[in-house]
Amino acid sequence: MSIAHPHNHSHGLAGAALRTAFLVTIFILAVELIGGIVSHSLALLADAGHVLTDVVALGLAWFAAVQAQRPPNERKTFGYHRIGILAALANAATLVLVVAGIAFEAVRRLAHPEPVTPWIMFVAAGVGIAANLAIASGLRHGSENLNVRAALLHVLGDVGASAAVVAGGVVIALTGWYPADPLLSLVITGIVAWSAWGVLRETLDILMEAAPRTVNMVTLANDITRSPGVSEVHDLHVWAIAGGVYALSAHVQVADRPLSSCDILVADLKHMLADRYHIAHTTLQLECDDCGNNGLYCAMPAEPHFHTHE
């Protein structure tokens, strides 16, 4: 007996691109970390903290692409996507500590500026810019994949942060004004904090099985009820198994009809949900009569109503 329904996702090319991006980003992290320590540049160390967020993000995206090819089993019926979510939660907690440490040191250095070596800042940040542009070029070809698209945005954000480090180095080289370094580190720390908040919010939404922010539930319900033969949808639930991996279950009320036409209707609905909302895991229960709102989940949510469309 088949316990789960494995889905064949074409993530091979996406996985290869993400693996390359992950390994190159680790190299960038090492260069900026060493450069920050040698040059005494807090801005470069803050940028290294920003790169660390991308190392984890790319690693999780690569992990998701690999695990998507791994079939579920009788115990892990949805596969192993949630391992990445737990890692993301740990990542967000770590980033909070990184932000706090850099911010504390930045305030201290504003009171007592320390000399930095601008040319090392140029070299380390320049390596980061060049490597990230190369990564972006590789990821651009797989940008139709949601994981790859998110990773591409992270990488482009790195380019901007590294360019800011170069600008800070120019200011120090031309003016000798060392407070520019801790001030710039505070700006980059703010970017890291914003990234950490985004990771934490998305992770908690997934663990709470909230509807994805990219899915408008009212519009989705109306799209279902607009299908020929569908009069109502209820007990509608949409959640994320992992980032970009969505699932849906619903009771769909239809007129009494032959089983063969029911199969066609279900296939059409699944195709629509996958095409418009990127929901690949869909469970639809067809009913001739309303379940009468028996039970907690059939009665929820009370607002908005999903029963009919305008």
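What you see is a predicted model; the values in this text were computed from it and never measured.

Thresholds applied
- Residues numbered from 1 in each chain as written.
- Predicted model: local features only at pLDDT ≥ 70, side-chain atom pairs only at ≥ 80, totals over all residues.
- Heavy atoms only, no water.
- Buried < 20%, exposed > 50% of the residue type's maximum accessible area, 1.4 Å probe, protein only.
- Helix = DSSP H or I, 4+ residues; strand = E, 2+ residues; numbered from the N terminus.
- Pairing = 2+ DSSP bridges.
- Expected span 1.5 Å × (residues − 1).
- Contact = heavy atoms within 4.5 Å.

Caption draft 1: Here's a closer look at the pairing of strand 2 (residues 245–254). Of all 10 residues in strand 2, nine are buried, a share of seventy percent or more. Here nine bridges tie strand 1 (residues 230–242) to strand 2, and the two strands are oriented antiparallel to one another. Bridged to Ala240 within strand 2 is Tyr246. Counting the residues that bridge the hairpin from strand 1 to strand 2 gives two residues, and of these Gly244 lies at a positive phi of roughly 80°. As paired strands, strand 2 and strand 3 (residues 279–287) are joined by eight bridges and run parallel to one another. In the sheet register, Ala247 faces strand 3, and the bridge partner there is His281.

Caption draft 2: Representation of helix 4 (residues 118–140) within the structure. Over its 23 residues, helix 4 runs 32 Å from end to end, which matches the ideal 33 Å to within 8%, given 1.5 Å per residue. Those residues of helix 4 that sit buried are Pro118, Ile120, Met121, Ala124, Ala125, Gly128, Ala131, Asn132, Ile135, Ala136 and Leu139.

Caption draft 3: Representation of the side chain of Thr282. Relative to the elements of secondary structure, Thr282 occurs in strand 3. When near neighbours in sequence (up to four residues on either side) are disregarded, Thr282 contacts Leu248, Lys270 and Leu273.

Coordinates in, geometry out; function isn't part of it.
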